[in-house]
Amino acid sequence: MSRILLVFLAASGIAQALPALAEDAEVARGKYLVTIGGCNDCHTPGYLFGSPDMSRFLGGSDVGFEIPGEGVFVGPNITPDNETGIGSWTKEQIVTAIQTGERPDGRILAPIMPWHAFANLTPDDAVAIAAYLKSLPPISNKVPGPFKPGEKVSTFTFRILPPGETAAAAPGK
């Protein structure tokens, strides 16, 4: 940049606003990616029933997924709530989780989480998602589970069956 432009930017305060504008753009990109990535589907209460509770957007599902031999997993709260969400996670830990499947505590995310697909995100896109998630209002909502195979579940559950398995009989009335 020319000196005149730099002096103008500094005098006008625009130079000080550039980092905020870049952060806003990053958060907007993250919002776009979360939207097209369908994060809402598994992480917003009511979504899988056809009536998402947008007041608890990304605050954790009310439906679990049963994976044979693995158990039942409910989409967790991915808002920045420190107690029930990912508020204590750093942006770097969020990026690691969505791209490698590893949580900050070393556990691997549930197999239903499509982190294998998210591993192909560009580094900038993964950071944008983390920035967006950190920008959300925190929602206090502890989801149940995970449930080990054979444990009683406390939520509606979708069963994922391998080919050749038999669907469960509907309960009698």
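Report follows, based on the coordinates. (Residues numbered from 1 in each chain as written. Predicted model: local features only at pLDDT ≥ 70, side-chain atom pairs only at ≥ 80, totals over all residues. Heavy atoms only, no water.)

Each helix and strand counted, the protein chain has six helices and three strands in total. Along the protein chain, helices (α) and strands (β) appear in the sequence α-α-α-β-β-α-α-α-β when read from the amino end. Sorting the 173 residues of the protein chain into buried and exposed places 35% on the buried side. Within the protein chain, contacts between residues separated by at least 24 positions form 52% of all contacts whose residues are at least 6 apart in sequence. Within the structure as shown, the protein chain displays about 10700 Å² of accessible surface, and the carbon and sulfur contribution to it stands at 60%. (Helix = DSSP H or I, 4+ residues; strand = E, 2+ residues; numbered from the N terminus. Buried < 20%, exposed > 50% of the residue type's maximum accessible area, 1.4 Å probe, protein only. Contact = heavy atoms within 4.5 Å. Areas by Shrake-Rupley, 256 points an atom, 1.4 Å probe, with all protein chains shown as cover.)

Turning to helix H4 (residues 91-100), its buried residues are Ile94, Val95, Ala97, Ile98 and Gln99. Residues of H4 that are buried make contact with helix H5 (115-118) and helix H6 (123-135). Just downstream of H4 lies Gly101, where phi reads positive at about 80°.

What follows is about the pairing of strand S2 (residues 71-74). Judged by which residues are buried, S2 turns out to be covered on both faces: Gly71 and Phe73 on one side and Val72 and Val74 on the other are all buried. Counted between consecutive antiparallel strands, the loop separating strand S1 (residues 63-67) from S2 contains three residues, among which Gly69 sits at a positive phi close to 80°. (Pairing = 2+ DSSP bridges.)

This part takes up the layout of surface pockets. Volume-wise, the largest pocket comes out at about 1000 Å³. Taken together, 40 residues line the largest pocket, and the ones lying closest to its centre are His43, Val74, Pro76, Arg103 and Leu109. When contributions to the lining of the largest pocket are tallied by element, the ones reaching two or more residues are helix H3 (39-43), S2, H4 and H6. As a volume, the second largest pocket reaches approximately 160 Å³. (1 Å grid on protein atoms, 1.4 Å probe; cavity = no way out; pocket = protein on both sides within 12 Å on 5 of 7 lines; lining within 4 Å. Points joined across faces, edges and corners; volume = space filled by probe spheres on them.)

Under the defined criterion, the tally for this structure stands at two aromatic pairs. Where Phe49 meets Phe156, the ring centres are 5.1 Å apart and the plane angle is 75°; that geometry is what we call edge-to-face. Of this pair, Phe49 sits in the loop between H3 and S1 while Phe156 sits in strand S3 (residues 156-159), placing them 107 residues apart in sequence. Note on Phe156: relative accessible area 60%, which makes it exposed. (Phe/Tyr/Trp six-rings, centres within 6.5 Å; stacked < 30°, edge-to-face > 60°.)

Val34, Leu58, Ile98, Ile129, Tyr132 and Leu133 are the most contacted members of the largest nonpolar core, which totals 23 residues. Here this core takes five residues from H6, the largest share from any one element. Not counting residues up to four positions away in its chain, the partners in contact with Leu58 are Val34, Cys39, Asn40, His43, Thr44, Pro76, Asn77, Ile78, Thr79, Tyr132, Leu133 and Leu136. (Core = buried A, V, L, I, M, F, W, Y, C linked by side-chain atoms within 4.5 Å.)

Here the focus is the side chain of Asn40. Within the secondary structure, Asn40 sits in helix H3. Classification of Asn40 by relative accessible area gives buried; the value is 14%. At 2.6 Å, the side chain of Asn40 forms a polar contact with the side chain of Thr44. Ignoring any residue separated from it by four or fewer positions in sequence, one finds Asn40 in contact with Tyr47, Met54, Phe57 and Leu58. (Polar contact = N/O pair within 3.5 Å; in protein donor to acceptor, adjacent residues only side chain to side chain.)

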